[in-house]
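For reference, the chains in residue letters:
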Amino acid sequence: MTDQKQAADFNEDEKKIIEDMITGDPEDMTIFGVSRRQFLKQLAVITGGFAAAQYIGPDELFAAPSVLAPGTIPINSIENGVNASFNVNGAPVALEVDSRMTLLDSLREKLQLTGTKKGCDHGQCGACTVIIDGNRVLSCLTLTACCQGKNVTTIEGLAKNNQLHPMQTAFIKHDGFQCGYCTPGQICSAVALMDEAKKGEASYLTENIREKPVSVQLSDDEIRERMSGNICRCGAYPNIIAAIKEVHSGKEAAQNWQFA
Amino acid sequence: MAIIGKPINRVDALLKVTGAAKYAAEFNQPNMVYAFPVRSTIAKGSVSAIDSSAAEKSAGVIKILTPENAPQLKAIDPKVKTGGMLGEQLLPLQDNLVYYFGQYIALVVAETYEQARAAASLVKVNYSKEKHAIDLNTELPNGYKPQKVQGEDAQVNEGKTAPVIDATANKISYTYTTPTENHHPMEPHASIAVWEGSDKLTLYDSTQGVMGARGTLAYHFSLTPENVQIVSPYVGGGFGCKGSQWGHMLLAAMAAKLVQRPVKLAITRQMMQTNVGRRPATQQKMAMATDDKGMLTAIRHHTDSYGNKSDFFEPSGKQTAVLYNAPLREITYKIAKLNIGTPTYMRAPGETPGTFALESAIDEMAYKMKMDPVAFRVLNHTAEDPSKKHPFSSENLLDCYTIGSEKIGWQQRKAEPGQLRKGKQLIGYGVATATYPAGRSAASAKVQLRADGSVIVQSATQDIGTGTYTIIAQTASETLGIPVEKITVKIGDSSFPPAPVSGGSMTTASVNPAVMAAAEMVRKELLALATADTGSSLKGRRLEDIGYADGHFFVTADKTTVDSYADIMRRNNKNIVEACTTAMPASGSGLGAPTAPCMEAPIDKEENSDKEKYSFHSFGAQFAEVWVDEDFGTIRVKRFVSVQDVGRIMNEKTARSQIIGGVIYGIGAALMEETAYDHRWANPATRTLADYHVPVNLDVPDIGVHFIGKPDPHISPIGARGIGEIGTTGVSAAIANAVFNATGKRLRDLPFTPDKMLLKS
Amino acid sequence: MRPFKFSTTADSNEVSKILIANPHARLLGGGTNLLDLMKEDVERPTELVEVGNIDVMKIVSPASATGSVVIPAVEKNARTANDPAIRENFPMLSQAILSGASAQIRNMATNGGNLNQRTRCTYFYDVAMPCNKREPGSGCGAMKGLNRMHAIFGWSDKCVAVHPSDMCVALAALDAVVKVQGANGKQRSIPFTAYHRLPGDQPQKDNTLQPGELITAIEIPRNNFAENSYYLKVRDRASYAFALISVAAAMELKNNKIVRVSIAMGGVAHKPWRASVAEKYLLHKEATEANFKIAAANEMKLAKPLEHNLYKVELGRKALVRALMQAANGGKTI
Ligand SMILES: Cc1cc2nc3c(=O)[nH]c(=O)nc-3n(C[C@H](O)[C@H](O)[C@H](O)COP(=O)(O)OP(=O)(O)OC[C@H]3O[C@@H](n4cnc5c(N)ncnc54)[C@H](O)[C@@H]3O)c2cc1C
Ligand code: SF4
Ligand code: FES
Ligand code: FES
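Computed from a prediction, not measured in an experiment: that's the story for all the values here.

(A) A look at the packing of helix α12 (residues 289-301) of chain C against helix α13 (residues 311-328) of chain C. Residues and elements named next belong to chain C. For the pair α12 and α13, interaxial distance at closest approach is 9 Å and the crossing angle is 145 degrees. Taken as a pair, α12 and α13 cross one another with a handedness that is right-handed. Contacts from Glu289, Phe292, Lys293, Ala296, Ala297, Glu299 and Met300 in α12 reach Lys312, Val313, Gly316, Arg317, Leu320, Val321, Leu324, Met325 and Ala328 in α13.

Structural data, given as structure tokens:
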């Protein structure tokens, strides 16, 4: 990141956020991925403190991680209740839900993990993409009941060890979003794509499909094809491609605006 | 320190890449319940009976709202200015009349979303059906000729061009059609309504206009506006469909009032097709003529379109009043009423379909005259507003053509179609002019400097992905001489100083002058304190000799003589220095007079959007390279270059994103977007994102963006015009023109799907 | 979505019993089609049984002695497409799968679910519309409606829908066999081309599966098509869209002479459409563009377009030629 700012001193808002944070008892690993305190520090470093200053209170940045165990969630006349225990961002979760409840709605309505977005609820947009057991999937077409024993990673769980995931950093640098609504899905999708490319998985555009799968360096069109399951109505696609290319190739990707 | 313009990362970027940015539906409330609407399955008539007995017995159901039991809303009164704007003149569940397929006719409230949705499918409805109006050409004879279009005459020189055009062989005359399109921002509309007692309402809502939403809700629920708070910190895109207020907002508040619990109503993607506006279809009859040298002598542009429950219609003649120097132009409209959900503003309303017609026709005219399409446009360029005869506030369109031609490699283009190919792909190049008016409205902002050097800026504007948070921070930073890191921007809340709807590409032009003026007042107040303060090294200095940077003042001639903001505040026992200003453009405001404590910012009339004197427009040139499969007719945009003359650029990074986003919206309109209605039921057959196609990643090529970057000296002291919409204009024409150049096939009916290409000989 | 009971029974006989006893019970594969339709209120099962845990589903890709390959019904589309054996021996199947939906959906979708996914006909999806497939006797909304996406072959006056799968088009061309198990563990093998149905008088029936039967696997016999095959898909946008027309074309060449050929089309009928007329013409002929053109024209002569899909006849002709050309060219873009 060339225009990365120096770590700024905390302003009053940030200090207040931090105070609120550490009066609690921040566990190191929560379903939110990293400790709140570490995350906050990182937040100041990565974007020079910009974001910490944005329209957020502590509640919004890290909605209270109600530690979730069966019975502690308010259950409103559940019909056909199903129990499901699984991991979300490394933390165990046990839910009793209506059999109809999708993973997407469980994340958003029960676990307050609202980073995963609902764009269509029918598998047509990719906004709800999460990673289950290493694979990118759509949480809107996944029943919570089917998540028994699985490992779910959401956008909240990508940052690790005080660092944003490189894909998150690249999205910031390349402005890989505008409204930000498709972004969590795009990033989860892109993170999983890096793995697929390493495993040499093919796409419809792969010319030599019969060859043995080996780690592949994807062309721009290959990345486009493989990211086509994530719709961005704001039209950040070229920037998304730049961000993914940079992470995929390890080389800086250029941005192409100019003044006349 | 010139931070304005810098391509800094978005200040809200971290929140967006970590999932921490919160959108309307994500403000869950204690004790909250869920609402799910029932929609009509006829397009015209009335609901004769609703049998909700099965639904009521369904588990978790709390209440089913129908016209029988729904809270009564204060009726629409066309004479009253509510401060808001209903998307359609139709209040939900106030009577049993049906005006379009999919209209809300009941609402189920239940403990969970699953329960509400399931119960909604159990509500049985009987209708008394009437014959609906759905075919544009059938209904046009009963249509009306609007008198005004966005404040201007809607019928200009009717019938006057015929003698000129008919008299020459140098003419073209074609009809261009565009379909109904839907906005489909990725975040579906959502409202969470929370009542405190019976006279205070908070609505978490996904809106492009918190003030408008406040006005509408306050009016129809008979509340004082101050007792209605709209909260919308992050908006997952809008493109116009979140600019006005639609039924679900009222329904959420009605339901919450009735069940006395907070209610969440997040509409489905299917409802986005029917209930929150659309761009109406147009049929545009274009004709034009030139003299033998190719100078335009007359342009005629007639638009047929439709409306429903509002006066809105697609103003697709707008650009034809502004572009080219034809001495005579005829611009007219005829509008039918159809039983289709009400049309509304959609990204570059008017210009998006309008430039498709005009810029395709210009290309056809150039081809007829055997002229290069760029040269033809240059020849017919106008340096002043040809309708109003005002100078443009700032205009560099010719540079746009030149730069674009160079960047796309226009010289590769062959004048005759079908000359370039690679394998089975036919290659062609096309150009079109882009334009959009540069509006500005009154806006207020409050800037607050705290003793610790931090700054808070507040304004009831919105960031719908446009970068508003970021450029407000940049504006405040530059004006105050305080680093961006120390600035907190608070927007998207109606309790902040009023600002206009995020629409019409006017947020930047409107809000930033207010931010700048307020920041300037803060800085000046500080400086006044310093120069009057015996404890200050600046005591008695002349104001013009003093500079500022990094949180302190200094003497320009002697940079070691400094006084920091913090010291000045400490010595004067100030914890806060703040100012609220309203920046009011010279010609009209839209917001009304500033409300205390905001005062009007003093702005010289020459740089304050004086429409009596100048015509305010942005311009650009769009260049497309397309590859068309010669067998299948599938079109791929392979490269795109967009050169934009949009005034000062506030942030190169976010500005570029706005333009590429606009271009992609245009690619969608050109190649795939269409809401198709089955005339037997007047229902949209394209119900979801699986059949209303919008571009996916592989549809989109590299898009080169180039800015002229010259500040507009007359629009505001900042010199920035808006950029949210112009990127879409001209795109479908540039693609149509490139397709013609590639294949010799001239399509005049959007979108260009393979079936149309195949059936066209 | 109506309430339903969720179960994860492992015993396949038990599952068959449930399916026979309760006509409103359904198997749940990846859910990418079933849950979509349940949210639309089109499918209203009262019980869902997860396929993943059923004993008989736990086959692991045994390549049989005859050189055929068996793909389990519960295997995900993405894993099937990327299986090195499939990629090498049946590249057209990988391409067909990979041309469908999105990476996320392919990671979820099961092979069995793919076979049994239902049509994308908009009238079928909208419960406010008449549809004989959804509600027998209610009429066909598409017949006189917006039928741009609909069938040009084999439709009836009851239904003009197309089967939406890409994978199935390749399987049809590969002469696959659908392995099913019914009540009391009874096994059956159904030739792929006999698995899906034409609509006839019973458009509500997509396939020939009997009550209580589950798909356990799909077997693909050995062939020599790998060198010269291609799956071509033409659609309204570049990706993440259903086919307007697709063609699975495969041939075995000896000195440019076609010794075996197999062609199937998608987007044209209620089932994957074997282009047998074109196949017959091409057998023992030279693999030339001229021959491909005649074969394609012969095949498409039989098409019966509806009001809005005349273009499919032309598109089908051209797609057949292109797919055959590309297959003849070693699967490479021409
Ligand atoms: C937006 C979108 C785009 C798509 N685009 C394409 C495309 O371009 N091309 C394409 O081919 N497909 C496409 N699909 C469809 C997708 O491929 C199917 O939904 C998927 O293959 C279904 O598999 P599943 O396991 O999820 O099935 P499910 O939804 O779980 O089940 C589907 C049906 O199969 C039955 N079933 C499941 N397993 C068995 C079994 N073992 N035995 C008997 N019956 C069984 C179920 O009971 C159900 O009736 C798309 C889907 C979506 C949502
Ligand atoms: S084509 Fe078939 S699925 Fe479509 S409406 Fe007609 S009967 Fe229903
Ligand atoms: S919300 Fe799941 S794909 Fe759109
Ligand atoms: S950033 Fe708005 S939809 Fe992608």
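What follows picks up the thread again.
(B) Broad picture of the sheet that holds strand β9 (residues 171-178) of chain B. Residue and element names in this part refer to chain B. Strands sit in the order β9-β14-β15-β16 across an open sheet of four strands; the sheet is mixed. Strands with a single pairing partner mark the edges of an open sheet, and in this sheet they are β9 and β16 (328-337). Each strand axis lies, on average, 10 degrees off the axis of its neighbour in the sheet, ignoring direction. Bridging between strand β14 (residues 282-290) and strand β15 (residues 296-307) involves nine bridges; their strand directions are antiparallel. Of the residues in β15, the one forming a bridge with Ala289 is Ala298.

(C) Spotlight on the interface of chain A and chain B. Listed per partner, the contact involves 79 residues of chain A and 100 residues of chain B. Counting each side, the surface lost to burial between chain A and chain B is near 7,500 Å², with a carbon and sulfur contribution of 55%. In this assembly, chain A and chain B are joined by eight salt bridges. Ionic pairing is found between A:Asp121 and B:Arg117, a salt bridge with its closest N-O pair at 3.7 Å. Here chain A and chain B share 29 residue pairs in polar contact (both at pLDDT 80 or more) between them. Class assignment of the residues belonging to the side of chain A that touches chain B gives a composition of 35 nonpolar, 23 polar and 21 charged.

(D) The arrangement of the domain arrangement of chain C in detail. Residues and elements named next belong to chain C. Each domain of chain C was delimited in the assignment, giving domain 1 (5-53), domain 2 (56-116 + 163-220) and domain 3 (229-328). In this structure, domain 2 and domain 3 have C-alpha centres spaced 21 Å apart. Between domain 2 and domain 3, the contact holds 27 residues from the first and 25 residues from the second. Of the roughly 2,000 Å² buried between domain 2 and domain 3, counting both surfaces, carbon and sulfur atoms make up 60%. Counting the surface domain 2 buries against domain 3, the share from its top three residues, Met92, His163 and Val169, is 27%. The tally of links between domain 2 and domain 3 comes to three salt bridges. A salt bridge links Asp175 to Arg274, with the shortest nitrogen-to-oxygen separation between them at 2.8 Å. Connecting domain 2 to domain 3 are 12 residue pairs in polar contact (both at pLDDT 80 or more).

Rules and cut-offs
- All residue numbers refer to position in the chain's written sequence, counted from 1.
- Here the convention is simple: chains get letters from A, ligands get numbers from 1, in the order in which they are written.
- In view of the model being predicted, local features appear only for residues whose pLDDT reaches at least 70, and side-chain atom pairs are presented and counted only at 80 or more, with totals across whole chains, interfaces and linings using the full set of residues.
- Side-chain metrics in this entry use all non-hydrogen atoms of the structure; hydrogen atoms and water are not considered.
- An axis is simply a line fitted to the C-alpha atoms; with a helix, the fit covers only the stretch in contact. Between two such axes, the angle follows the N-to-C directions and lies from 0 to 180 degrees.
- Helix numbers and strand numbers start at the N terminus; a helix is a DSSP run of H or I with at least 4 residues, a strand a run of E with at least 2.
- By convention, the crossing between two helices is left-handed when the near helix turns anticlockwise from the far helix through less than a right angle, and right-handed when the turn is clockwise.
- Residues count as neighbours in contact if any of their non-hydrogen atoms are within 4.5 Å of one another.
- Two strands pair under a simple rule: DSSP has to find at least two bridges between them.
- The buried area of a pairing is the accessible area, by a 1.4 Å probe, that goes missing from both parts when the two are put together, added over both.
- Any Lys or Arg side-chain nitrogen located within 4 Å of an Asp or Glu carboxyl oxygen qualifies as a salt bridge.
- Whenever a nitrogen or oxygen atom comes within 3.5 Å of another N or O atom, the pair is scored as a polar contact, on the condition that within protein one atom can donate a hydrogen and the other can accept it, and that pairs from neighbouring residues in sequence are kept only if both atoms are in side chains.
- Residues are grouped as follows: nonpolar covers Ala, Val, Leu, Ile, Met, Phe, Trp, Tyr, Cys and Pro; charged covers Asp, Glu, Lys and Arg; every other residue, Gly included, is treated as polar.
- An automatic or database domain assignment supplies the residue ranges for each domain.

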